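As a plain string of letters, each chain reads:
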Amino acid sequence: QVQLVQSGGGLAQAGGSLRLSCTASGRTFSDYSMGWFRQAPGKEREFVAVIHWSGGSTVYADSVKGRFTISRDNVKNTVYLQMNSLKPEDTAAYYCAANYRGPLIRTRDRYGYWGQGTQVTVSS
């Protein structure tokens with residue numbers, strides 16, 4: 001079992017920045033590819049970014065490319081999502097997720113463990 005605890009998020013103005021954190025416990029963090037997803041009211045949960053378990057390769061959704069950065073600290077067992085140049089359409093509940101030795105995949109069903117979610121609200 002992997003437990004994921006999220007922190008960060010909150011309210012920001014358009015053009016501002018926020019950072020999300022997700023700290024894992026229970027298993028070897030460096031064995032897990034870590035993803036971020038988001039879900040706006042009335043919409044399906046969508047892929048945001050993923051970082052590979054080995055080597056740190058990343059993939060981003062087109063909607064956040066160039067604005068968001070995913071990173072990981074295997075000593076702190078934590079994955080981060082730095083969100084810059086925020087837009088009102090980034091407003092959503094954000095979730096981190098873990099995939100054991102998984103590829104850089106966008107499919108949420110492939111992630112076996114999820115954080116509790118944290119709200120990000122961007123005002124115009």
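Look a little higher up for the structure.
It should be emphasised that the depicted structure is a prediction, and the values quoted were computed from it without experimental measurement. (Residues numbered from 1 in each chain as written. Predicted model: local features only at pLDDT ≥ 70, side-chain atom pairs only at ≥ 80, totals over all residues. Heavy atoms only, no water.)

*Asks:* Before we move on, can you summarise the packing of aromatic side chains with the specific residues and values?
*Replies:* Applying the stated criterion to the full structure yields six aromatic pairs. Ring centres 6.2 Å apart and planes at 75° place the aromatic pair Tyr32 and Tyr113 in the edge-to-face group. Taken together, the residues Tyr32 in strand E4 (residues 32-39) and Tyr113 in strand E10 (residues 113-114) connect sequence positions 81 residues apart. For Tyr32, a relative accessible area of 4% puts it in the buried group. Three or more aromatic residues joined by ring pairs make a cluster, and in this case those are Phe37, Phe47, Tyr111 and Trp114. A cation sits over an aromatic face here: Arg45 above Tyr95, 3.7 Å from the ring centre. For Arg72, the ring lying beneath its charged end belongs to Phe29, and the centroid distance is 4.5 Å. (Phe/Tyr/Trp six-rings, centres within 6.5 Å; stacked < 30°, edge-to-face > 60°. Helix = DSSP H or I, 4+ residues; strand = E, 2+ residues; numbered from the N terminus. Buried < 20%, exposed > 50% of the residue type's maximum accessible area, 1.4 Å probe, protein only. Lys NZ or Arg CZ within 6 Å of the ring centre and 35° of its normal.)

*Asks:* Got a sec to walk through the sheet that holds strand E8 (residues 78-83)? Specific residues and values, please.
*Replies:* By way of backbone hydrogen bonds, the strands of a sheet pair with one another, either parallel or antiparallel. If you walk across this open sheet you meet the four strands as E1-E3-E8-E7, and the pairing is antiparallel. Edge positions in the open sheet fall to strand E1 (3-8) and strand E7 (68-73), since each of these has one partner strand only. When strand polarity is set aside, the average angle formed by the axes of neighbouring strands in this sheet is 15°. Note that E1 and strand E3 (residues 18-25) share six bridges and pair antiparallel. Looking at the pairing, Leu4 lines up with Ala24 of E3. (Pairing = 2+ DSSP bridges. Axes fitted to C-alpha atoms, helices over the stretch in contact; angles between N-to-C directions.)

*Asks:* Explain the state of the cysteines to me, and be specific about the residues and the numbers.
*Replies:* For the structure shown, the criterion picks out one disulfide. Cys22 shares a disulfide with Cys96; S-S distance 2.1 Å. Given an S-S torsion of about 60°, the disulfide between Cys22 and Cys96 has right-handed geometry. A residue pair is termed long-range when its members are at least 10 positions apart, and Cys22 in strand E3 and Cys96 in strand E9 (residues 92-100) qualify at 74 residues. Just as Cys22 is buried, Cys96 falls in that class too. (Disulfide = S-S within 2.5 Å.)

*Asks:* How would you sum up the nonpolar core? Please name residues and give values.
*Replies:* In terms of nonpolar packing, the biggest core is built from 35 residues, with Met34, Trp36, Leu81, Met83 and Tyr94 touching the most fellow members. Listed by contribution, the elements that provide at least two residues to this core are E3, E4, strand E5 (46-51), E7, E8, E9 and strand E11 (118-123). Contact partners of Met34, with chain neighbours within four places excluded, come to Leu4, Cys22, Phe29, Ala49, Val50, Ile51, Ile70, Arg72, Val79, Ala97 and Ala98. (Core = buried A, V, L, I, M, F, W, Y, C linked by side-chain atoms within 4.5 Å. Contact = heavy atoms within 4.5 Å.)

*Asks:* Account for the side chain of Thr118, naming residues and giving values.
*Replies:* Residue position: Thr118 is located in strand E11. The class of Thr118 is buried, set by a relative accessible area of 13%. Looking at Thr118, its side chain comes within polar contact range of the main-chain oxygen of Gly8, at 3.0 Å. If sequence neighbours within four positions are ignored, Thr118 has contacts with Gln6, Gly8, Gly9, Leu20, Ala92, Ala93 and Tyr94. (Polar contact = N/O pair within 3.5 Å; in protein donor to acceptor, adjacent residues only side chain to side chain.)

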